[in-house]
Amino acid sequence: MRVEKVATALIVGALALGGVAGCNATSGGSGSDPGAAPAAAASEKTLAQPTDFTFDPETGAFSFTANDENAGYYYVRVYALRDGKEAGDVVSSSDRIAGSSTGEKSGKVDLSALGYGDYHVDLVTYPAAGTDYESPENVVLTLQSGVGGKLERPEMLAMVSGNQVELVLDWWTLCDYNTLQYLPQVKFTFYSDEGLTQVVDEQTVDTYELLGGMKKNPPGTGYIWGEARDASVVRLHKSNGELTSFMGGPVDPSKAAWGYVNDIYPFTLEPGTYYVTAQAISAYDYVADSDPSTPIEFTLTDAEPSSEFTEGMTELYIDPSFDGSSVTAAPNQQEGRVDAPAQQTTSRSLAE
């Protein structure tokens with residue numbers, strides 16, 4: 001699916017936001033008058049805040065008016081937001097913009113690393129080195145990325161034993177979310193009928209929490225979402241992939257097994273036959289929920305779960321890569337994913 005590009009105009013002015021972690025909230029209103037006088041300094045040693053900040057959310061081009069010749073330099077920096085607050089390090093930044101003069105200044109920020117979600121665009125002013133001037137409050141705009149987009153349909157594995165089913169989200173799905181969109185909530189819905197009309201249970205998990213256990217496989221070409229190959233897990237899943245060699249020699253397929261940790265969701269239900277789907281739920285009104293996955297049919301008994309189990313998979317589930325030592329996945333690697341983000345145009349706009 002290709003999403004038509006959303007037309008966005010340059011938006012002039014600074015957005016007043018308070019209580020933002022990692023930056024000062026901007027003063028001023030939702031816009032600025034190009035002919036307005038320079039912003040008043042908070043004190044004699046506080047530099048005058050820049051005005052007329054414009055930012056093109058599609059190209060990253062920006063401009064602003066510098067109002068204080070005592071400013072040493074400026075940066076325009078982009079931060080991802082989580083629950084309305086800046087989360088983590090800078091996602092993208094302009095080059096250093098020279099100060100020591102007033103008037104219009106311009107530049108560009110690379111936005112290619114922005115996935116779906118809300119961001120702050122901060123115009124930061126720094127005093128010259130060796131002076132006792134103080135920085136003014138940042139000028140802050142809010143950018144929305146993924147406007148008109150749709151979350152990729154999740155794929156999953158189900159491991160069934162006794163009265164328990166363990167659901168594992170496809171690592172390739174998680175990589176696409178984390179790198180190209182964002183880690184959303186995923187809703188698991190259990191039905192008692194093949195027509196998917198009788199809901200017997202519904203649980204929602206936040207995949208953002210998986211970041212705490214996620215690791216990158218050196219040299220950073222793959223992502224590990226949590227795995228173990230020992231008795232610390234109840235059930236070991238055998239790879240469906242074809243293993244040909246490891247460390248220059250053959251691989252024993254019987255040893256190509258691992259247990260999922262972190263990215264595994266156990267559910268206990270009454271004995272019976274069920275159908276389960278997964279759906280990514282959007283936190284943003286400008287991004288659509290994913291389609292539900294294809295259902296997995298499974299049957300539970302009244303026995304306690306054990307290491308003996310059966311498996312089921314959604315239509316496009318694929319095991320992570322396994323070379324005998326590492327279990328990894330990477331973004332934008334599996335063709336045919338439903339609403340794959342790489343097949344959509346990531347449109348952006350500034351919040352009013």
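A brief look at the structure comes next. (Residues numbered from 1 in each chain as written. Predicted model: local features only at pLDDT ≥ 70, side-chain atom pairs only at ≥ 80, totals over all residues. Heavy atoms only, no water.)

### Quick notes on the side chain of H120
The condition is simple: Numbering goes from the N terminus for both helices and strands, where a helix is a DSSP run of H or I of at least four residues and a strand is a run of E of at least two. Pairs of N or O atoms are called polar contacts if they sit within 3.5 Å, as long as, within protein, a hydrogen donor faces a hydrogen acceptor (for residues adjacent in sequence, only side-chain-to-side-chain pairs).
Looking at where H120 falls in the secondary structure, it is placed in strand β9 (residues 117–127). A distance of 3.0 Å separates the side chain of H120 from the side chain of E86, its partner in a polar contact.

### Quick notes on the pattern of salt bridges
Just so we agree on the cut-off: In what follows, salt bridge is the name for a side-chain nitrogen of Lys or Arg lying within 4 Å of a carboxyl oxygen of Asp or Glu. For each residue, the accessible area found with a 1.4 Å probe, counting protein chains only, is set against the maximum for its type, and the residue is called buried under 20%, exposed over 50%, and partly exposed in between.
Scanning all chains against the criterion turns up 9 salt bridges. When the shortest N-O distance is used, the salt bridge between E166 and R235 registers 3.2 Å. Of this pair, E166 sits in strand β13 (residues 164–169) while R235 sits in the loop between β18 (227–228) and β19 (237–238), and the two are 69 residues apart along the sequence. Under the relative-accessibility criterion, E166 is labelled buried at 11%. Because the salt bridges share partners, they merge into one network encompassing K150, D291 and D339.

### Re the environment of D52
Assignment of secondary structure puts D52 in strand β2 (residues 51–55). We classify D52 as buried; its relative accessible area is 13%. Residues D52 and F64, 12 residues apart in the sequence, show an inter-C-alpha distance of 5.1 Å. In terms of polar contacts, D52 uses its side chain to reach the side chain of T65, at 2.9 Å.

### Topic: the packing of aromatic side chains
Short version of the rule: Centres within 6.5 Å are what make two rings of Phe, Tyr or Trp a pair, Trp counting through its six-membered ring; a difference in plane orientation under 30 degrees is then read as stacked, over 60 as edge-to-face, and the rest as tilted. Both a distance and an angle decide whether a charge sits over a ring: NZ of Lys or CZ of Arg must be within 6 Å of the ring centre and within 35 degrees of the ring normal.
Enumeration according to the criterion identifies 14 aromatic pairs in this entry. Each residue in the set F188, F190, Y265, F267, Y274 and F298 is aromatic and connected to the rest through ring pairs, giving one cluster. Above the ring of Y208, the side-chain terminus of R82 is found at 3.7 Å from the ring centroid. When the ring centre of Y73 is taken as origin, the NZ or CZ atom of R96, which lies over that ring, is 3.7 Å away.

Note that every value here comes from positions in space, so none of it alone points to a role or purpose.
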